[in-house]
Amino acid sequence: MKPPRIWAWLALAFGLIYFFLPLIGTLEFSLRMRRGEYSFDAYRVVLADPQFRATFSYSVILACLTILVGVIIVVPTAYWVRLRLPRWRPVVEFITLLPLVIPPIVIVFGYIRLYNTSSILPLTGTAMGTNVLLMFGYATLSLPYMYRAVDTGLRAIDVATLTEAAESLGAGWITIMARVILPNVLVAVLSGAFLTFAIVIGEFVLAALLNRPAFGPYLQLIGANRAYEPAALAVIAFAITWACMGLIQLVTRFQKFKTVPR
Amino acid sequence: MAFLEISGLQKFYGPNHVVRDFNLDVGEGEFVSFLGPSGCGKTTTLRMVAGFETPSEGVIRIDGRDVVNLKPSQRDIGMVFQAYALFPNMTVAQNVAFGLKVAGMPRPRIAARVAEMLAIIKLPELGARFPFQLSGGQQQRVALARALAVQPKVLLLDEPLSALDAKIRVSLREEIRAIQRKLGITTIYVTHDQEEALAMSDRIVVMRDGIAEQIGDPFEIYNRPATRFVASFVGTLNVLDARLLDPATGLVTVDGQEIRLARAVRGEAGETIPISLRPQAILLGSGPDPGGRLRGRVDSVSFLGSVVRIRVALDGQNLAVDIFNTAAMRPPKPGETVDLAFATGDVLVLEGAAD
């Protein structure tokens, strides 16, 4: 009495093929730079390119700063909404979802209009100012992921009672945030951080239109001008993303304590 | 002078008046319970003492200092929560040390104090464990140690045993009381469990609808309940409608059977008044004169362990009778007619609205 089993397997197979076939194709193509045999030539070329290194490290630095700013903005906000403003949660959630609804191109044109050289805050006037603007843009783009990750983490602990317990023991707000709340949502924060990292590394629109030397525009440039290297870059980008996902798993597993006490 | 002084305390949540003119003086080292059904305002009152809620009106003084405008962290209180509220990211020792660390105590002294506290709660070997590795009872003991480590002036416990199972509840309540006595710490204990309140407290505040209905020691609360609510909430109580025949001599009839209370009763002749009797104040058989007597038919018999509860039907009303379960005496069977005897002094004439 189990005829539906076959359909389950078929659906799974279809899904796997849908996801992996293009990936395998890309991988296979990236290895064919040398005529007639497989080689890592495309990877060698890409990794030896000084521009690759420059743009990649630029994006990595920016990703780390974005994560830092994201954590500083999101963790206290999500905490405060859970603790004191539960009625505002739908509103805050809606706001954090906006970056998914508003295309990055609209966001970046808004930025350019708001922060151009003739505005009160002429961020686009200098390279450093533009870097800062780009970083905040990235923080905005990663908001939906960061907020949701942190909020889920906060849901696993009894925020209100833990806060009250810490307060009754004489702790102030900074101590409560740093010693009680943050350590308990660290795994959630990290998973948000890795998602942010993956987004920043591959982002194109913001970086291209603000004319910053990030990894995304470099990827596009190579893609438009070379044959095998873009495939190699795509595989590298995939590997980085997957490494991030793996790290989330790893961190979760190595945490000594559990946030579910009963 | 009282160590903890609460006077004229009021709390409104919008149109809801949840605590009404609450007044209480707690002596140093005293153990006071707030007892009442859920929603009676007992937890709100406790949280106002802790500083987690702001009173709409009133004064709270701890050791002579007005604390109403102080933050919880400045009030010198220790709090134990129903949900334990141990910090999941810290070990038992780190949890106990938290308040000491915040207070800036030097490290060697913290270690000594933590060891001392773990010894008091009899878990000296569990310092390195995380909360998720402990049972509920152990977690609550750690929470108690954590609250006491900072040597607060007042210890507040908000239904600390409600999440535990019955056996641990009884042993832990004895332990909490023993530790409280040993340290001599002024304590407020919130519970909806009357047995817990009776067993632990120096005094009990019975609350209903934000009002302290009666404040007294357990003996007084149980044997001399001031209102019908207190009588029915604390312990089991038979409440019977009686017709008052003669207010001056206290002659009443219950389902046609006369009872002479031998004291004046407030009311008019012919009026129906509620009188009550504890199930254990009634004996089977005809007791000594002069006493109260009733005759009825056994409705049901249930064994409650050391006690047997017999439901006896009169002519329309019925009442419960508790007798000790002894092997020497078989309880009557349903359908049998039994005589009931009681001392008229045990009959309570209650005031206050019925529930």
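Residues numbered from 1 in each chain as written. Chains lettered and ligands numbered in written order. Predicted model: local features only at pLDDT ≥ 70, side-chain atom pairs only at ≥ 80, totals over all residues. Heavy atoms only, no water.

What follows concerns the overall build of chain A. Across its full length, chain A carries 12 helices and zero strands. Counted from the first residue to the last, chain A has its helices and strands arranged as α-α-α-α-α-α-α-α-α-α-α-α. C-alpha atoms of chain A, sized along the principal axes, occupy 75 × 75 × 30 Å. Counting the 262 residues in chain A, one finds 40% classified as buried. (Helix = DSSP H or I, 4+ residues; strand = E, 2+ residues; numbered from the N terminus. Buried < 20%, exposed > 50% of the residue type's maximum accessible area, 1.4 Å probe, protein only.)

Moving on, we come to the overall build of chain B. In terms of regular secondary structure, chain B is built from eight helices and 20 strands. Based on the C-alpha atoms only, the size of chain B along its principal axes is roughly 75 × 50 × 35 Å. A buried classification covers 52% of the 355 residues belonging to chain B. For chain B, long-range pairs separated by at least 24 residues make up 65% of all intrachain contacts whose partners lie at least 6 apart in sequence. For chain B, the computed accessible surface area is about 15800 Å², with 49% contributed by carbon and sulfur atoms. Charge-centre separation for chain B: the mean point of 39 positive side chains lies 7 Å from the mean point of 40 negative side chains. (Contact = heavy atoms within 4.5 Å. Areas by Shrake-Rupley, 256 points an atom, 1.4 Å probe, with all protein chains shown as cover. Lys, Arg positive; Asp, Glu negative; His and termini not counted. Charge placed at Lys NZ, Arg CZ, Asp CG, Glu CD.)

Here we come to the sheet that holds strand β19 (residues 337–342) of chain B. The strands that make up a sheet are held in pairs by hydrogen bonds between backbone atoms, and each pair lies either parallel or antiparallel. All names here are of chain B. Taken together, five strands build an open sheet; the order of strands is β15-β19-β16-β17-β18 and the sheet is antiparallel. With partners counted over all chains shown, the strands left at the sheet margins are β15 (283–284) and β18 (318–324), one partner each. Looking at chain direction, strand β16 (residues 292–303) and strand β17 (residues 307–313) are connected through six bridges and run antiparallel. The residue of β17 that forms the bridge with valine 298 is valine 312. (Pairing = 2+ DSSP bridges.)

Considering all chains together, one arrives at 19 aromatic pairs over all chains under this definition. Ring plane angle 35° and centroid distance 5.5 Å describe the contact between B:Phe31 and B:Tyr189, whose orientation is recorded as tilted. You can see B:Phe31 sitting in strand β3 (residues 31–35) and its partner B:Tyr189 sitting in strand β8 (residues 186–191), a full 158 residues away along the chain. Assessed through its relative accessible area of 0%, B:Tyr189 is described here as buried. Among the aromatic side chains, those forming a connected cluster through ring pairs are A:Phe52, A:Phe56, A:Phe215 and A:Tyr218. (Phe/Tyr/Trp six-rings, centres within 6.5 Å; stacked < 30°, edge-to-face > 60°.)

What follows concerns helix α11 (residues 215–225) of chain A. Within α11(A), the full set of buried residues consists of A:Phe215, A:Gly216, A:Pro217, A:Tyr218 and A:Ile222. Close packing links the buried residues of α11(A) with α2 (41–48), α3 (50–83), α9 (186–202), α10 (205–209) and α12 (229–254) of chain A.

Residues and elements named next belong to chain B. If you trace the four strands from one edge of the open sheet to the other, you get β2-β1-β4-β5, paired in antiparallel fashion. At either end of the open sheet lies a strand with only one pairing partner, and these are β2 (16–26) and β5 (65–66). Packed onto the sheet, helix α1 (residues 42–50) meets β1 (4–13), β2 and β4 (57–62) and runs at close to 115° relative to β1. (Axes fitted to C-alpha atoms, helices over the stretch in contact; angles between N-to-C directions.)

It is worth spelling out the packing of α3(A) against α11(A) at this point. Residues and elements named next belong to chain A. For the pair α3 and α11, the least separation of the axes is 8 Å and the interaxial angle reads 150°. One finds that α3 runs roughly antiparallel with respect to α11. Of the residues in α11, those in contact with Gln51, Phe52, Thr55, Phe56 and Ser59 of α3 are Phe215, Tyr218 and Leu221. Of the residues assigned to the contact of α3 with α11, the class counts are five nonpolar, three polar and no charged. (Parallel < 35°, antiparallel > 145°, perpendicular 65-115°, else oblique. Nonpolar A, V, L, I, M, F, W, Y, C, P; charged D, E, K, R; others polar.)

Below, the discussion takes up the interface of chain A and chain B. Listed as interface residues are 24 residues of chain A and, on the opposing side, 26 residues of chain B. Connecting chain A to chain B are one salt bridge. Ionic pairing is found between A:Glu164 and B:Arg47, a salt bridge with its closest N-O pair at 2.5 Å. Run the count over chain A and chain B and you get four residue pairs in polar contact (both at pLDDT 80 or more). (Salt bridge = Lys/Arg side-chain N within 4 Å of Asp/Glu carboxyl O. Polar contact = N/O pair within 3.5 Å; in protein donor to acceptor, adjacent residues only side chain to side chain.)

Moving on to a nonpolar patch on the surface. All names here are of chain A. A surface patch of nonpolar side chains, about 1300 Å² in accessible area, is lined by Trp9, Leu12, Phe14, Leu16, Tyr18, Phe19, Phe20, Ile24, Phe238, Trp242 and Met245. Counting residues per element, the ones that place at least two in the nonpolar patch are α1 (5–30) and α12. Relative to the assigned elements, isoleucine 24 resides in helix α1. (Patch = residues over 30% accessible without salt bridge, like charges linked within 9 Å, V, L, I, M, F, W, Y side chains within 5 Å.)

Further remarks concern the nonpolar core. If you look at the biggest cluster of nonpolar residues, it comprises 95 residues, and the most contacted ones within it are A:Tyr138, A:Leu154, B:Leu4, B:Phe22, B:Phe34, B:Phe87 and B:Leu156. If you tally residues by element for this core, the top one is α3(A), at 12 residues. Discounting residues that sit within four places of it in the chain, A:Leu154 has contacts with A:Ala78, A:Tyr79, A:Arg82, A:Val159, A:Ile181 and A:Val185. Counting residues in each nonpolar core, the second largest holds 34 residues, with B:Ala147, B:Leu148, B:Ile176 and B:Tyr189 among its members. (Core = buried A, V, L, I, M, F, W, Y, C linked by side-chain atoms within 4.5 Å.)

Before going further, it helps to spend a moment on the pairing of strand β14 (residues 272–277) of chain B. All names here are of chain B. A large share of β14 lies buried, amounting to five of its six residues. In the sheet, strand β11 (residues 238–246) pairs with β14 via six bridges, with the strands oriented antiparallel. Looking at the pairing, arginine 243 lines up with threonine 272 of β14.

With that settled, the discussion passes to the side chain of B:Glu159. In this structure, B:Glu159 sits in the loop between β7 (154–158) and α5 (166–183). Non-local contacts of B:Glu159, meaning those with residues more than four positions away in its chain, are made with B:Lys42, B:Gln82, B:Val190, B:Thr191 and B:His192.

So, on to the packing of helix α8 (residues 173–184) of chain A against helix α2 (residues 92–102) of chain B. Here α8(A) crosses α2(B) at 155°, and the two axes come no closer than 13 Å. In terms of axis orientation, α8(A) runs roughly antiparallel to α2(B). As α8(A) runs across α2(B), the sense of the crossing is right-handed. Here A:Thr175, A:Arg179 and A:Val180 of α8(A) lie close against α2(B), whose contacting residues are B:Phe98, B:Lys101 and B:Val102. Classifying every residue of the contact of α8(A) with α2(B) by side-chain character gives three nonpolar, one polar and two charged. (Left-handed = near helix turned anticlockwise from the far one by under 90°.)

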